[in-house]
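The primary structure of each chain is shown beneath.
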Amino acid sequence: METMTTACIRLNARASNKTEAVRLAGQLLVDAGYIAPAYVESMLKREEVANTFLGAGVAIPHGMVEDRHHIHHTGVAVVQFRDGVAWKDGDQAQLVVAIAAKSDEHIVLLRRLTRLMQRPQSIESLVATNDPQLIVSTLADEPVPVAAPAVDAPEWPSDAQSEWTLDYPNGLHARPATRWVETAKRFACDIRVYKAQEFADAKALTGLLSLGVTRGDSLRLAARGPDARRAVDALLDVVRALSADEKADAERARRNALAARRATPDWLPGNNPQAIYGIGASPGLAIGMLVRHVSHQFDVPDKPGDVIADGEALESSLLAINQELQTLEAQTRTRLGAAEAAIFTAHRELIADAQLLRDAMANILRGHGAAWSWQHALQARVEKLQAVADPLLAARALDLRDVGERVLAHMLGIERHCQTLSQPTILVAEDLTPSDTLQLDMKYVVGLAISSGGPTSHTAILARTLGLPAVVAAGSALLAAPEGQLAIIDGGLGAVYLEASQADQDAATAVIARQLATRNALRESRYLPATTTDGHTVEVAANVANAKQASVAIEAGAEGVGLMRTEFLFLERNSAPDEEEQYRVYRDMTEAMGGRTLIIRALDIGGDKKVPYLNLPKEENPFLGVRGARLLLIRQDLLYTQLRALYRAAAHGPIRIMFPMVTHTSEIEALSEHCERARAQVNGPQLKIGIMVEVPAVAVMAEKFAPLVDFFSVGTNDLTQYTLAIDRQHPELAAQADSLHPAVLDLIARTVAAAKKHGTWVGVCGGLAGDPLGARILTGLGVDELSMSAQDVAAVKATLRGDSYAAMQLLAQRALAAGSADEVRAL
């Protein structure tokens, strides 16, 4: 009996869902006598436990191995869905190839499919054809000629595209790329990211990273299929919105590095011990025995088995590791924070890469074992990433190897354990994966010394969060150092000292004790107010986006929330949140705050934050366009929905409402009237109304604005870019947008002076508030409150408690008299 006939081909079919599509294909096999009806149910059962989407619009539904007794003869049915049918995770199947295989007769077909998928135009011809015989002849056992690659292949036809120049200081690395992938997966259409002639599937993390996109690279985002325009716009919005975070992270790292270079080392050896130098990745001093990290080496023999069973084994391991990573992600978020948890979000995307799975399946179809096939597909991807010129992007190869070996260990039934240690240890390794780092026995591991890698690796990030001194890129000399000897590691200077004298050991021990005492004191004093030595107190609050972050901030010592960003409620969704949803969010915030100050910023959309479903007109310069208060006055549907929710939530706790991007006194007058009207509609309490000072005109005319509001909150980030005429997302100029520029400080001083005259409260919620020097200068200028990231709260409070208000006032006056931001920082 033939494996495939035209009787088992259905052209231009339609199905409302995957189940309907599988039943349609299965019924063709039943009608042709290949299977019993029970095997169709087995095919649906497999869809519940596995993903049969092969890629390139092709799905291969098939039954469970234990149900093969329902197969009469090996057969294949093909159903063509030109409009596509939703399969799984946003994938659209256009060619559904149902397989009923008693043994291995179908392997030739599967090999042929994987070869055709490497030439998309071949699959496209099968999706478009009106000739069932073409499908049979293409997929049947006759040899399929492999066409020579075209010299000038036609460009991939897209339905929508946009261009953008990447301005992320560290290029496209795993964390922002993960957000790109998550956004792309929300849409059914195909989306590609082009860099010159190279391209990658926007839904595949390893493909994006393999492009090696660095700052200044021109990209083209292209989509084809349903919702192509919306998909490109949404992806572009996310890509742009991440710029501010990426630049803020890079600027924070730059300032930390600058501070580290200017700082005098707490300890230096006095007797010239042997020193191995690398790059400081996590500051701190530690003494311990050198112990070589033992990483598991996988020796995977090639043991071919049943093709279907091997595919199931791979799918099962991928699902298990995905669940394991979800758990690890949640634990890391609780233990360390959202930024660190994002590492494992990226890991989940790395193994969700359809191309990686296709490569592994292709190996299985060539007759190789499941574990061998996965390992070889994984190694090919790792080597491709390692070949990327940008060292930050090349470092992601370690992450891919880490998560890929998790899958491999699961397939082989191997449990990965951490080493057994019994004394303070400096762990030496050629490299160390994030998984290895989180499994370290923190009772004994006091430092990490790594011969490769860089300070931006995920392992370095975790080491900093865990408070472990770490040195990276220490080279082969580190690996040659004998184990078992006592060493001193300085993660700030990037040095490992061997054969240190007893005097050096004693001196280092004393410094470590002082540093520990300082950290403990910082933690123990985090709830103390920021009261200067001469009795002046400044409120220290946090910038947050939700109730969970607020709780974390309060635990970190924050006395309130100086800025709750509400735009995150509106981003990465298809419609605006209604009044009820917003009310619940704001109510949860008031409950989390327990009566503490809570300043909620009204919707601040525009500039670097766009929302496709609002259908706002495209602007040449959105930072100077319709955003913040300007948008709310135009779109009063958004304004009143949010205001009613805020006034309802205020019944559960105190709330202050703050409006962004105010420029004219007429705007705040109109907004105040709208607030009163919304309050009356829900019978809400009277609330304090304030504005952000981020437009220079408001600072210059602060005396005119002060009588109209209950408070000011200075947004130093936007105030800086508008004052200095520097786009803070500009790839070349962003570093010059320094909020310590005397011109910016002068505008803040004017605002404070006008506010004091009218009894108006003044806070600062920009990045400058969390900078220890900036906090001292702002306090000296007379602000009432500083609001910052939760991680900066304890240190800023301690800094202010350690100085007098009089000294800070003098410092502020010297800063105003300086000629540049560099001169201010030199103070």
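A.B. asks: Is there a simple way to explain the overall build of the protein in this structure?
C.D. replies: Check the secondary structure of the protein and you find 31 helices and 26 strands. Relative to its full complement of 827 residues, the protein shows a buried share of 54%. In the protein, the proportion of contacts linking residues at least 24 apart, taken out of those at least 6 apart, comes to 71%. Summed over its atoms, the accessible surface of the protein is roughly 34,400 Å², and 51% of this surface lies on carbon and sulfur atoms.

A.B. asks: Before we go on, may I ask you to explain the pairing of strand S23 (residues 688-693) in this structure?
C.D. replies: On a regular strand, each side chain points to the face opposite its neighbour's, so the side chains alternate between the two faces of the sheet. Burial runs high along S23: five of the six residues are buried. Across four bridges, strand S22 (residues 656-659) lies against S23 in parallel orientation. Residue pairing across strands places methionine 658 opposite glycine 690, the latter belonging to S23. Of the crossover connections in this fold, the one passing from S22 over helix H23 (residues 665-682) to the parallel S23 is right-handed. Across four bridges, the pairing between S23 and strand S24 (residues 711-714) is parallel. If you follow isoleucine 691 over to S24, its bridge partner there is phenylalanine 712.

A.B. asks: Would you take a moment to explain the side chain of glutamate 47 for this structure?
C.D. replies: Tracing the backbone shows glutamate 47 in helix H2 (residues 37-49). Polar contacts involving the side chain of glutamate 47 include one to the side chain of lysine 18, which spans 3.4 Å. When neighbours within four sequence positions are excluded, glutamate 47 is seen to be in contact with Lys18, Val22, Thr52, Pro61 and Trp87.

A.B. asks: Explain unusual backbone geometry here, please?
C.D. replies: The bulk of non-glycine residues show a negative phi, and the bulk of peptide bonds are trans. Even without glycine at this site, aspartate 227 takes up a positive phi of about 60 degrees. By the element assignment, aspartate 227 lies in the loop between strand S9 (218-224) and helix H8 (228-262). Note on aspartate 227: relative accessible area 42%, which makes it partly exposed. At glutamate 499, a residue that is not glycine, the phi angle is positive and equals roughly 55 degrees. Classification of glutamate 499 as exposed rests on a relative accessible area of 59%.

A.B. asks: Please clarify how helix H6 (residues 174-184) should be interpreted in this entry.
C.D. replies: The α-helix winds at 3.6 residues per turn, so residues separated by three or four positions along the chain end up facing the same way. Across the eleven residues of H6, eight count as buried, placing the element largely inside the fold. Taken together, the buried positions of H6 are Ala174, Pro176, Ala177, Thr178, Trp180, Val181, Thr183 and Ala184.

A.B. asks: How do you make sense of the pairing of strand S5 (residues 92-100) when you look at a structure like this?
C.D. replies: Where burial is concerned, most of S5 is hidden: seven out of the nine residues are buried. In this antiparallel pair of consecutive strands, strand S4 (residues 75-86) and S5, the connection spans five residues, and aspartate 89 shows a positive phi of 55 degrees.

A.B. asks: So what exactly am I meant to see when it comes to the environment of alanine 377 here?
C.D. replies: Within the fold, alanine 377 resides in helix H12 (residues 370-386). Under the relative-accessibility criterion, alanine 377 is labelled buried at 4%. With 21 residues separating them along the chain, alanine 377 and leucine 356 place their C-alpha atoms 6.5 Å apart. The contacts of alanine 377, once residues within four sequence positions are left out, are Leu356, Asp359, Ala360 and Asn363.

A.B. asks: Can you walk me through the environment of lysine 247 in this structure?
C.D. replies: For lysine 247, the position within the fold is in helix H8. By relative accessible area, which is 9% here, lysine 247 ends up buried. Residues lysine 247 and tyrosine 168 lie 79 residues apart in sequence; the distance between their C-alpha atoms is 6.4 Å.

A.B. asks: What should I look at first to understand the packing of aromatic side chains in this one?
C.D. replies: For any pair of aromatic rings, the description rests on two quantities: the centre-to-centre distance and the angle between the ring planes. Enumeration according to the criterion identifies five aromatic pairs in this entry. Considering the side-chain rings of tyrosine 194 and phenylalanine 199, the 5.4 Å spacing of their centres and the 45 degrees angle between planes classify their relative orientation as tilted. Judged by relative accessible area, which is 42%, phenylalanine 199 ranks as partly exposed. Ring centres 6.0 Å apart and planes at 80 degrees place the aromatic pair phenylalanine 711 and tryptophan 761 in the edge-to-face group. Linking phenylalanine 711 in strand S24 with tryptophan 761 in strand S25 (residues 761-764), this pair joins segments that are 50 residues apart in sequence. With respect to class, phenylalanine 711 is no different from tryptophan 761; both count as buried. Here the aromatic residues Trp164, Tyr168 and Trp180 are joined through ring pairs into a cluster of three or more. One cation-aromatic arrangement involves arginine 220 over tyrosine 194; the distance from NZ or CZ to the ring centre is 4.1 Å. Positioned above the aromatic ring of tryptophan 761 is the side chain of arginine 656, whose terminal nitrogen or guanidinium carbon lies 4.9 Å from the ring centre.

A.B. asks: Just to check I follow, could you spell out helix H27 (residues 742-758) for this structure?
C.D. replies: An ideal rise of 1.5 Å per residue puts 24 Å on 17 residues; H27 measures up with 25 Å between its terminal C-alpha atoms. Where H27 is concerned, the buried positions are Pro742, Val744, Leu745, Leu747, Ile748, Ala749, Thr751, Val752, Ala754 and Ala755.

A.B. asks: Can you walk me through the packing of H27 against helix H28 (residues 772-781) in this structure?
C.D. replies: When two helices pack together, you describe them by how their axes are tilted relative to each other and by the distance separating the axes. Between H27 and H28, the least distance of the axes is 9 Å, while the angle of their chain directions is 35 degrees. At the point where H27 passes H28, the crossing takes the right-handed sense. Taken together, the residues of H28 that come into contact with H27 (itself represented by Leu745, Ile748, Ala749 and Val752) are Ile777, Leu778 and Leu781. Class assignment of the residues belonging to the contact of H27 with H28 gives a composition of seven nonpolar, no polar and no charged.

A.B. asks: So what exactly am I meant to see when it comes to the sheet that holds strand S2 (residues 53-55) here?
C.D. replies: Pairing is mixed in the open sheet, where five strands are placed in the order S1-S4-S5-S3-S2. Among the strands making up the open sheet, the edge pair consists of strand S1 (9-10) and S2. Examined bridge by bridge, strand S3 (residues 58-59) and S5 share two bridges and lie parallel to one another. Within the sheet, the bridge partner assigned to valine 58 lies in S5 and is leucine 95.

A.B. asks: For this particular structure, what's the right way to read the confidence of the model for the protein?
C.D. replies: Interpretation of this model should avoid reading the predicted coordinates in detail wherever pLDDT is low. Scored by pLDDT, the protein comes out at a mean of 84, with 89% of its residues at no less than 70. Contacts for the low-pLDDT stretch residues 141-154, under 50 throughout, to residues beyond four places or in other chains number 14 contacts.

A.B. asks: Would you take a moment to explain the pattern of salt bridges for this structure?
C.D. replies: With the rule as written, the count across this model stands at 29 salt bridges. Ionic pairing is found between arginine 601 and aspartate 604, a salt bridge with its closest N-O pair at 3.8 Å. Lysine 757 is the partner of glutamate 703 in a salt bridge, and the nearest nitrogen-oxygen pair spans 3.2 Å. Placement of glutamate 703 in helix H25 (residues 702-705) and of lysine 757 in helix H27 is noted, with a sequence separation of 54 residues between them.

A.B. asks: I'm lost on the sheet that holds strand S17 (residues 495-498) in this one. Help?
C.D. replies: Within a sheet, neighbouring strands are paired by backbone hydrogen bonds and run either parallel or antiparallel to one another. If you trace the eight strands from one edge of the open sheet to the other, you get S10-S17-S16-S12-S13-S14-S15-S11, paired in mixed fashion. Looking at which strands have only one partner, the edges of the open sheet turn out to be strand S10 (274-277) and strand S11 (279-282). Neighbour-to-neighbour, the strand axes of the sheet open up by a mean angle of 30 degrees, direction not taken into account. Sheet topology note: the strand S13 (residues 425-429)/strand S14 (residues 445-450) ladder contains five bridges and is parallel. Across the sheet, the residue bridging to leucine 427 is leucine 448, located in S14. The strands that helix H18 (residues 502-524) touches are strand S12 (285-292) and strand S16 (486-490); relative to S12, the one it contacts most, it runs at about 115 degrees.

A.B. asks: What is the right way to read the nonpolar core from this model?
C.D. replies: As a rule of thumb, soluble globular proteins bury nonpolar side chains together. Counting residues in each nonpolar core, the largest one holds 95 residues, and the members touching the most others are Ile657, Phe659, Phe712, Ile777 and Leu786. Ignoring sequence-local partners within four residues, the contact set of leucine 786 consists of Val538, Glu539, Val540, Ala541, Val764, Ala769, Ala775, Leu778, Thr779, Val796 and Leu800. With 70 residues, the next largest nonpolar core counts Val181, Leu221, Ala360 and Leu378 among its residues.

Criteria and cut-off values
- Residues numbered from 1 in each chain as written.
- Predicted model: local features only at pLDDT ≥ 70, side-chain atom pairs only at ≥ 80, totals over all residues.
- Heavy atoms only, no water.
- Helix = DSSP H or I, 4+ residues; strand = E, 2+ residues; numbered from the N terminus.
- Buried < 20%, exposed > 50% of the residue type's maximum accessible area, 1.4 Å probe, protein only.
- Contact = heavy atoms within 4.5 Å.
- Areas by Shrake-Rupley, 256 points an atom, 1.4 Å probe, with all protein chains shown as cover.
- Pairing = 2+ DSSP bridges.
- Right-handed = clockwise from strand over helix to strand, strands pointing away.
- Polar contact = N/O pair within 3.5 Å; in protein donor to acceptor, adjacent residues only side chain to side chain.
- Phe/Tyr/Trp six-rings, centres within 6.5 Å; stacked < 30°, edge-to-face > 60°.
- Lys NZ or Arg CZ within 6 Å of the ring centre and 35° of its normal.
- Expected span 1.5 Å × (residues − 1).
- Axes fitted to C-alpha atoms, helices over the stretch in contact; angles between N-to-C directions.
- Left-handed = near helix turned anticlockwise from the far one by under 90°.
- Nonpolar A, V, L, I, M, F, W, Y, C, P; charged D, E, K, R; others polar.
- pLDDT = per-residue confidence, 0-100.
- Salt bridge = Lys/Arg side-chain N within 4 Å of Asp/Glu carboxyl O.
- Core = buried A, V, L, I, M, F, W, Y, C linked by side-chain atoms within 4.5 Å.

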